[in-house]
Amino acid sequence: MLGSITWRDFTRHMLKNRLSLVGLILIAALFIIAVIGPYLAPYGPYTTDPINKLEGPSRVHLFGTDNLGRDLLSRILYGARISVTIAVIVLAVSGGVGTVIGIISGYFGGGIDNILMRITDIFLAFPRLILAMAVAAALGRDLRNVVLAVAFTSWTIFARLARGQALAVKQQDYVEAARATGASNFRILFVHVLPVCISPVIIQGTIAMGGIILTVAGLGFIGFGAQPPTPEWGVMVADGRNYLPTAWWACVFPGLAIMFTVLGFNLLGDGIRDILDPRMRR
Amino acid sequence: MLSYIIRRLAWMVFVIWGVMTLTFFIARVIPADPVAAVLPSNAPEEAIERMREEMGLNKPIWVQYAKYINGILHGDLGTSIRTRRPVLDDLLRYFPNTVELSVVALFMGTIIGISLGIVSAVRQGKALDHFSRVFAIWGLSMPAFFTGLMLIILFSHVLHWLPQLGQMPSYMRRPPKVTGFLILDTMISGNWSLVVTELKHLILPAFTLGWLSTASIVRITRSSMLETLPEEYIKTARMKGLRESTVILKHALKNALLPTITIIGLRVASLLEGAVLTETVFSWPGLGRYATASFLSIDFSAVVGVTIFISFLYSFANLAVDLLYGYLNPKIRYT
């Protein structure tokens, strides 16, 4: 299933590694907050209260308030949903497109493979953030465009991965048999080759997730992507930055939210990599 | 080896062509109307028409493309609307500042990374091992802009130890330009107190950028040290009665370092990416901040110029690592 290792072994190793367990817990918490966050939030994400602006953390406002008196805790809870949604969509788009390109490339081989892989190489010649910024600038600043921009830069790794899988599978007897019985290429690709790619792609996706969230938050911080007053974490850090020396909470709490999210994915990803690399599995 | 290098260079030419083409596509084909991106929405009809002509948009797309490639090959990246200078001049002016920042950042990241990697391997499974791994992965998880802001709060606002923005106080005079690298130029001019000031300005941004690199360096140093430490020759060195520090630093580390060097080389390319956010937070006048400002003001000539410039650097860095690795590791066969 995952090279030399079964799902059961995988789970056993995962549970033994305390750091990746911490990662798993952080991510579980993130997804739970993304779902029920809006119900937990004590205030609305856009409810302003100019009299109580830039109030420090207190019992009324656990994380304090921002420059318009909005409750930071509530905004961070709502923001979780935005971050998770963006990351999942980016992953679905880039993973989907990458996988399809990869299996076509690997299965057909020859000229098609050559062209597709050279295009992949050209994409890899760009630093990701720069390419994402360029695309976001060309499309216009808006949250949907950030999803497109980041997906535009993230599909390459999935394409290479899926291509490798397809190359391995296409020699298998059952694929030969399917071809012999007259199955069309389309059918072979999607019924026999695609399923084999799914678990490596999901695993690679988990490893890539931290980087995707960082890129999205970075774009938000710079001023692309979500625009104020959207409670996107990167935007909130950029907002809070203007009140820095006195109202530190306005940028510290959203920043910590990004950090713990990415930390969760990185710890988990690190654990996965350790398990898949037999030399590290000690 | 020679044929390998030639093949890699030919490949490089192809990649550069690809980078230019994709950038053209992003700048000219993706925006529904490039003029709308430049002019305000209520611009009069004739202004829009004039701008179309000026940007060459009334010509067929392949003519635009040919003109664009021709310009780049002649070093003409157009003029920035924002700074009103030729884009290439801007890039060459800011580039040394990014190099200065990245070199120091990589140096800091490498020193910290290798030390933690060694400690981690020697004390495998102990508290120090866990600490190093967490520190490394934490650095990878901190958004560079957030690390920067936290360091500014701590070291500038609370402790008042270090300055927070720029390369040097704006009221001080820059040394005469010799190399373009600020600290080198200041050294040449002999103004040592200014060198100290500049180094102080450099510490926080360099650490912010360098921390991003420690994660991969710790990881690889740790794993290759773990592979080296059980070897026979390490046991022999110990039996000879050598001090433990000599055994680890001279015998084990030396042999464990090759993968680390590769990773450090690969980090050179990613530094350019980290520099974008780091420079934005610290108002560091480098390529990254120039890129951000150009992208935000949709200054298309600058956007295209900076994208191509950075991607060239990125590809060259990767090529250099490949060649260096082949040189360092004779086991690799060039096929």
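Note that this is a predicted model, so its numbers are computed, not measured.

### A short note on the overall build of chain B
Part 1 of the reasoning: Helices and strands together make up the secondary structure of chain B, namely 13 helices and 0 strands.
Part 2 of the reasoning: Counting over 335 residues, chain B shows a buried share of 39%.

### A closer look at the overall build of chain A
Part 1 of the reasoning: Of the regular secondary structure elements, chain A holds 10 helices and 0 strands.
Part 2 of the reasoning: Secondary structure elements in chain A, listed N-terminal to C-terminal, are α-α-α-α-α-α-α-α-α-α.
Part 3 of the reasoning: Taken over the C-alpha atoms alone, chain A extends approximately 75 × 45 × 30 Å along its principal axes.
Part 4 of the reasoning: Taken over 282 residues, chain A has a buried fraction of 50%.
Part 5 of the reasoning: Considering only intrachain contacts with a sequence separation of at least 6, the fraction spanning at least 24 residues in chain A is 69%.

### Some remarks on the packing of helix α3 (residues 72-108) of chain A against helix α4 (residues 110-124) of chain A
Residues and elements named next belong to chain A.
Part 1 of the reasoning: Here α3 crosses α4 at 145 degrees, and the two axes come no closer than 7 Å. Considering only the axes of α3 and α4, their crossing is left-handed. Residues I101, I104, S105, G106 and F108 of α3 touch α4, and the partners they reach there are G110, I112, D113, L116 and M117.
Part 2 of the reasoning: The residue inventory of the contact of α3 with α4, partitioned by class, reads 6 nonpolar, 3 polar and 1 charged.

### Here's the deal with the confidence of the model for chain A
Part 1 of the reasoning: Across chain A, the average pLDDT comes to 86, with 96% of residues at 70 or higher.
Part 2 of the reasoning: By mean pLDDT, helix α1 (residues 7-16) of chain A is the weakest element of chain A at 77, and α3(A) is the strongest at 92.

### Considerations on the nonpolar core
Part 1 of the reasoning: Of all hydrophobic cores here, the largest spans 156 residues; its most connected members are A:M133, A:A134, A:V135 and A:A136.
Part 2 of the reasoning: Discounting chain neighbours no more than four positions away, the residues touching A:A136 are A:R141, A:N145, A:V146, A:A149, A:L219, A:F224 and A:G225.

### Some details on the environment of A:V100
Part 1 of the reasoning: One can find A:V100 in helix α3.
Part 2 of the reasoning: As a C-alpha pair, A:V100 and A:A134 span 34 residues in sequence and 25 Å in three-dimensional space.

### Some remarks on the interface of chain A and chain B
Part 1 of the reasoning: Tallying the contact residues gives 36 residues for chain A and 36 residues for chain B.
Part 2 of the reasoning: Going through the elements one at a time, α4, α5 (128-139), α8 (185-222), α9 (233-241) and α10 (249-276) of chain A are the ones with two or more residues in the side of chain A that touches chain B.
Part 3 of the reasoning: Partitioned by chemical class, the residues of the side of chain A that touches chain B number 27 nonpolar, 5 polar and 4 charged.

### Observations concerning the environment of A:D66
All names here are of chain A.
Part 1 of the reasoning: Relative to the assigned elements, D66 resides in the loop between α2 (18-40) and α3.
Part 2 of the reasoning: Separated by 95 residues in sequence, D66 and L161 place their C-alpha atoms 44 Å apart.
Part 3 of the reasoning: Ignoring anything within four residues of it in the chain, the contact list for D66 reads L54, L72, D239, G240 and A250.

### Details of the packing of α10(A) against helix α6 (residues 127-141) of chain B
Part 1 of the reasoning: Closest axis-to-axis distance for the α10(A)/α6(B) pair is 8 Å, and the angle between their directions is 125 degrees. Of the possible angle classes, the one that applies to α10(A) and α6(B) is oblique. Crossing geometry of α10(A) relative to α6(B) is assigned as right-handed. Seen from α10(A), the contacting residues are A:M259, A:V262, A:L263, A:N266, A:L267 and A:D270; seen from α6(B), they are B:I137, B:W138, B:L140 and B:S141.

### Overview of helix α8 (residues 182-189) of chain B
Residues and elements named next belong to chain B.
Part 1 of the reasoning: For α8, the complete set of buried residues consists of L182, I183, D185 and T186. Buried residues of α8 fall within an arc of 160 degrees about the axis and therefore sit on the same side.
Part 2 of the reasoning: Looking at the buried side of α8, the elements it contacts are α5 (87-122) and α9 (192-228).
Part 3 of the reasoning: Backbone geometry just downstream of α8 places G190 in the positive-phi region, at approximately 80 degrees.

### Section: the confidence of the model for chain B
Regions with low pLDDT should not have their predicted coordinates read in detail.
Residue and element names in this part refer to chain B.
Part 1 of the reasoning: With 94% of its residues at a pLDDT of at least 70, chain B reaches an overall mean of 83.
Part 2 of the reasoning: Averaged pLDDT values over the elements of chain B bottom out at 66 in helix α2 (residues 34-38) and peak at 90 in α5.
Part 3 of the reasoning: Among the scores for the predicted complex, ipTM is 0.84 and pTM is 0.85.

### A word on unusual backbone geometry
Part 1 of the reasoning: Each neighbour pair has its own omega, and for A:P228 with A:P229 the value is 5 degrees, a cis peptide bond.
Part 2 of the reasoning: Not every positive phi belongs to a glycine, and B:H160 is a case in point at roughly 55 degrees.
Part 3 of the reasoning: Within the fold, B:H160 resides in the loop between α7 (144-158) and α8.

### Overview of α5(A)
All names here are of chain A.
Part 1 of the reasoning: With 12 residues, α5 should cover 16 Å at 1.5 Å per step; its first-to-last C-alpha distance of 16 Å lies within 8% of that length.
Part 2 of the reasoning: Burial within α5 is extensive, with 12 of its 12 residues counted as buried.
Part 3 of the reasoning: For α5, the set of buried residues is R128, L129, I130, L131, A132, M133, A134, V135, A136, A137, A138 and L139.
Part 4 of the reasoning: Of the residues trailing α5, G140 is marked for its positive phi of about 105 degrees.

Cut-off values and rules
Residues numbered from 1 in each chain as written. Chains lettered and ligands numbered in written order. Predicted model: local features only at pLDDT ≥ 70, side-chain atom pairs only at ≥ 80, totals over all residues. Helix = DSSP H or I, 4+ residues; strand = E, 2+ residues; numbered from the N terminus. Buried ≥ 20, exposed ≤ 12 C-beta atoms within 10 Å, placed from the backbone. Contact = placed C-beta atoms within 7 Å. Axes fitted to C-alpha atoms, helices over the stretch in contact; angles between N-to-C directions. Left-handed = near helix turned anticlockwise from the far one by under 90°. Nonpolar A, V, L, I, M, F, W, Y, C, P; charged D, E, K, R; others polar. pLDDT = per-residue confidence, 0-100. Core = buried A, V, L, I, M, F, W, Y, C linked by C-beta atoms within 7 Å. Parallel < 35°, antiparallel > 145°, perpendicular 65-115°, else oblique. Arc of directions from axis to C-beta. Expected span 1.5 Å × (residues − 1).

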